[in-house]
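Examination of the molecular architecture
The primary structure of each chain is shown beneath.
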Amino acid sequence: MRLATWNVYHGRSPADGTVDASRLAQAVSDLDADVLALQEVDRGQPRSGLLDVTAVAARAMSAAQSRFVPTVIGDPARSWRPAGDQDLDVTAGGYGVALVTRYPVRTWHLLRLAPAPLLRAPVLVPGTRRLLWLRDEPRAVLAATLSTPAGVMTVASTHLSYVPGVNVLQLRRTMSWLRQLPGPHILMGDLNLPAALVPRLTGAQLLARATTYPLSRPMVQVDHVIATGAVPPVLGVFTPRPPLSDHAPVVVDLDVRPG
């Protein structure tokens, strides 16, 4: 059973700055994930050629089901507004998180998280010493209770705030919410927190240790797969280097063979 999480940077290639549907599809196909959590996902954004990134990923992995949840409507680097439940079917200007699965979904679940109260927070531009002062975005946790070879479990995708402290509160809120859903539970995503801190904050098992950011020269791990409850043993952990995004995906293989 293969799990993968990837901050896909709306499918953009750092080499040429473009988004190409076939390149994105090939990268997703190469992951060969049974359950894929995606962050920084576009739907109908001009900067990504109006692609539905979730749909491209779902076709590439022959998924049974997929779902996209916008957290903002508009260009997150320019002008946007917070998304609400009325925007779940939006076809233009969506940006958020997604979950794609080859396994049947019993129930979908959604938790929305408030942004940092600060008007602006500094973010380092990858590969430079330049800071951008950005308005923090609202966040979301998208979860699915799945029927898997290991039995029923709930798997979630999220992208937490880059603002220190706010991401800690969001992670604790997320884990409290997840524990109310059918377990065991697996949370995947860009948590914007270091690996050493995540288990201490959550009491969860860290299924992968690997540097993931920046892709050109990974130095830190901010992308995680964590679990609570009786999950199958880990067979292997991989961090491929696809020719797009500024994050490496995290791939975890679980051993679901009988006895």
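Shown above is the structure to which this text applies.
What counts as what
Residues numbered from 1 in each chain as written. Predicted model: local features only at pLDDT ≥ 70, side-chain atom pairs only at ≥ 80, totals over all residues. Heavy atoms only, no water. Helix = DSSP H or I, 4+ residues; strand = E, 2+ residues; numbered from the N terminus. Rg over C-alpha atoms; globule rule 2.2 N^0.38 Å. Contact = heavy atoms within 4.5 Å. Areas by Shrake-Rupley, 256 points an atom, 1.4 Å probe, with all protein chains shown as cover. Lys, Arg positive; Asp, Glu negative; His and termini not counted. Charge placed at Lys NZ, Arg CZ, Asp CG, Glu CD. Buried < 20%, exposed > 50% of the residue type's maximum accessible area, 1.4 Å probe, protein only. Polar contact = N/O pair within 3.5 Å; in protein donor to acceptor, adjacent residues only side chain to side chain. Core = buried A, V, L, I, M, F, W, Y, C linked by side-chain atoms within 4.5 Å. Phe/Tyr/Trp six-rings, centres within 6.5 Å; stacked < 30°, edge-to-face > 60°. Lys NZ or Arg CZ within 6 Å of the ring centre and 35° of its normal. Axes fitted to C-alpha atoms, helices over the stretch in contact; angles between N-to-C directions. Parallel < 35°, antiparallel > 145°, perpendicular 65-115°, else oblique. Left-handed = near helix turned anticlockwise from the far one by under 90°. Nonpolar A, V, L, I, M, F, W, Y, C, P; charged D, E, K, R; others polar. Pairing = 2+ DSSP bridges.

Focus: the overall build of the chain
A count of helices and strands for the chain gives four helices and 15 strands. A compact globule built from 259 residues would reach a C-alpha radius of gyration of about 18 Å, and the chain, at 17 Å, matches this within 12%. Overall size of the chain, expressed as C-alpha extent along the three principal axes, is 50 × 40 × 40 Å. Once local pairs closer than 6 in sequence are excluded, the contacts in the chain between residues at least 24 apart make up 70%. Accessible area of the chain: about 11,300 Å², with a carbon and sulfur share of 54%. Charged side chains of the chain number 25 positive and 19 negative; the gap between the two group centres comes to 6 Å.

Digging into the side chain of Thr-154
Within the secondary structure layout, Thr-154 lies in strand 10 (residues 151–159). The exposure class assigned to Thr-154 is buried, which follows from its relative accessible area of 0%. Of note is the side chain of Thr-154, whose polar atom sits 3.0 Å from the side chain of Thr-145. Beyond its immediate sequence surroundings of up to four residues, Thr-154 is in contact with Ala-143, Ala-144, Thr-145, Leu-178, Leu-181, Pro-182, Pro-184, His-185 and Ile-186.

What to know about the environment of Ala-140
Note on placement: Ala-140 falls in strand 9 (residues 139–148). Considered as a pair, Ala-140 and Thr-158 are 18 residues apart in the sequence and their alpha carbons are 6.1 Å apart. Leave out the neighbours within four places in its chain, and Ala-140 touches Val-69, Thr-71, Val-97, Leu-110, Leu-111, Arg-112, Ser-157, Thr-158 and His-159.

Considerations on the nonpolar core
Leu-3, Val-35, Ile-186, Met-188 and Val-225 are the most contacted members of the largest nonpolar core, which has 26 residues in total. Sorting the residues of this core by element identifies strand 2 (35–43), strand 5 (94–101), strand 6 (105–113), strand 9, strand 10, strand 11 (185–190), strand 13 (223–228) and strand 15 (250–254) as the ones contributing at least two each. The element contributing the most residues to this core is strand 9, with four residues. Sequence-distant contacts of Val-35, defined by excluding residues within four places in its chain, comprise Arg-2, Leu-3, Ala-4, Met-61, Leu-99, Val-100, Thr-101, Tyr-103, Leu-146, Val-155 and Met-188. The next biggest cluster of nonpolar side chains, apart from the first, holds 25 residues, and it includes Ala-57, Val-90, Ala-98 and Val-100.

A short note on unusual backbone geometry
A cis amide bond links Gly-183 to the next residue, Pro-184, at an omega of 0 degrees. Structurally, Pro-184 is set in the loop between helix 3 (166–178) and strand 11. The linkage connecting Tyr-213 with the following residue, Pro-214, adopts the cis geometry, with an omega of -10 degrees. When you line up the elements, Pro-214 lands in the loop between strand 12 (205–206) and strand 13. Non-glycine residue Tyr-9 carries a positive phi angle of around 55 degrees. Residue position: Tyr-9 is located in the loop between strand 1 (2–7) and helix 1 (21–31).

Considerations on the packing of aromatic side chains
For the structure on display, the rule yields zero aromatic pairs. Taking the ring centre of Trp-80 as reference, the NZ or CZ of Arg-135 above it sits at 3.9 Å.

With respect to the packing of helix 1 against helix 2 (residues 53–60)
Where helix 1 meets helix 2, the closest approach of the two axes is 8 Å, and the angle between their N-to-C directions is 50 degrees. Accordingly, the angle class assigned to the pair helix 1 and helix 2 is oblique. Seen along the crossing, helix 1 lies across helix 2 with a hand that is right-handed. Listed contacts from helix 2 to Ala-21, Leu-24, Ala-25, Val-28 and Ser-29 of helix 1 are Val-53, Val-56, Ala-57 and Ala-60. A breakdown of the residues in the contact of helix 1 with helix 2 according to their chemical character gives eight nonpolar, one polar and no charged.

Concerning the sheet that holds strand 13
Sheet architecture is open: six strands sit in the order 6-9-10-11-13-12, paired in mixed fashion. Each having just a single partner strand, strand 6 and strand 12 make up the two edges of the open sheet. Where strand 6 and strand 9 come together, eight bridges link them in antiparallel fashion. Looking across to strand 9, one finds that Arg-112 is bridged to Ala-140. Taken strand by strand, helix 3 contacts strand 6, strand 9, strand 10, strand 11 and strand 13, and its axis lies near 150 degrees from that of strand 6.

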